[in-house]
Amino acid sequence: MSWGDVWVNGDKVRPGIDATGPRAPWIPAGVISSEERAFVEATQLLRRARGAHARAVEFDLQVTSSAVAKERAGTGKAAVFFEPDGLWLAVDVTPVGGLEEEARFVVFVQRVHVVAGRRAAESQRGTSGRSRATISLRGRARSRESALEWGHRASSA
C-alpha cells in the first residue's frame, strides 16, 4: 500500500478500516495522484484545525482494476459501478516512506459519484500500475461537514 491507493465498496453501509488497511469487502480500485490538488488540500485541512474542512472534493481516480467501472453499459463483467448510486471510497494517506505504525486512511462520509462534464487530468505521472481509465469523481458532505473523515489514523498521529 502507498499514498494515493484507493479502495471502493458498494455495500449499503460503509465497512470499517483497521490498522492493516481496507480489507474485503473493500476492492482495490486504483490511485489518486499526488497532483490532485483538491484531494490533497482536503486531506491537509482534515489534519489541521477542527473547523477546517472541504465540503466537496473533486478529483480524478485512475482506475487500475477491471473490477471497477464507471457504469454498467458496455463494461462486461465488472464487479462494482459508480453509477447510479456511487460507491464508498477509502484512500491511503500514509506519509511517503512511512512505517506501518503510521498508517493513515481517509474515507468519504457519503458515497462518491461521477462528475459529468469535467475534463480528466491529462497527466498521469506518479501513478503506480497501469491505468485502465480515468474517472472524474466528486465526494460531498452535508452542510457544514467535511467530505472526508479518518477511517483509521495511527495512534501516534
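Preceding this paragraph is the structure being described.
Keep in mind that this is a model prediction, so the values were computed, not measured.

Undergrad: What am I meant to see in the overall build of the protein chain here?
TA: The number of helices and strands found in the protein chain is 1 helix and 10 strands. Secondary structure of the protein chain in N-to-C order comes out as β-β-α-β-β-β-β-β-β-β-β. Looking at the protein chain as a whole, 41% of its 157 residues are labelled buried. In the protein chain, 71% of the contacts between residues at least 6 apart in sequence involve partners at least 24 apart. For the protein chain, the exposed surface amounts to about 8700 Å²; the carbon and sulfur share of it is 46%.

Undergrad: Where do I start with the pairing of strand β3 (residues 56-63) in this structure?
TA: Residues in a regular strand project their side chains so that they alternate between the two faces of the sheet. Counting buried residues along β3, 6 of its 8 residues qualify, which places the element largely inside the surrounding structure. Summarising the sheet, strand β2 (residues 27-31) and β3 pair through 2 bridges and their orientation is antiparallel. Residue pairing for β3: G30 is matched across the bridge by V63.

Undergrad: I'm lost on the packing of aromatic side chains in this one. Help?
TA: The description of two aromatic rings rests on the distance between their centres and on the angle between their planes. Taken as a whole and judged by the stated rule, the model has 5 aromatic pairs. Taken together, a centroid distance of 6.1 Å and an interplanar angle of 70° make the contact between W3 and F39 edge-to-face. Here W3 is found in the segment before β1 (5-9), whereas its partner F39 is found in helix α1 (residues 37-47), with 36 residues between them in sequence. Taking the relative accessible area as the measure of exposure, W3 reaches 22% and is therefore partly exposed. Using a relative accessible area of 0% as the deciding quantity, one classes F39 as buried.

Undergrad: Looking at this structure, how should I read the nonpolar core?
TA: Counting residues in hydrophobic clusters, the biggest one holds 28 residues, and the most contacted among them are F39, F59, F82, L89, F108 and L137. Every element with two or more residues in this core is listed here: β1, α1, β3, β6 (88-92), β7 (104-108) and β9 (133-140). Among the elements that make up this core, the one with the highest residue count is β3 (4 residues). Apart from residues lying up to four places away in sequence, F39 is in contact with W3, I32, V57, F59, V91, V93, V106, F108 and L148.

The rules behind these values
Residues numbered from 1 in each chain as written. Predicted model: local features only at pLDDT ≥ 70, side-chain atom pairs only at ≥ 80, totals over all residues. Heavy atoms only, no water. Helix = DSSP H or I, 4+ residues; strand = E, 2+ residues; numbered from the N terminus. Buried < 20%, exposed > 50% of the residue type's maximum accessible area, 1.4 Å probe, protein only. Contact = heavy atoms within 4.5 Å. Areas by Shrake-Rupley, 256 points an atom, 1.4 Å probe, with all protein chains shown as cover. Pairing = 2+ DSSP bridges. Phe/Tyr/Trp six-rings, centres within 6.5 Å; stacked < 30°, edge-to-face > 60°. Core = buried A, V, L, I, M, F, W, Y, C linked by side-chain atoms within 4.5 Å.

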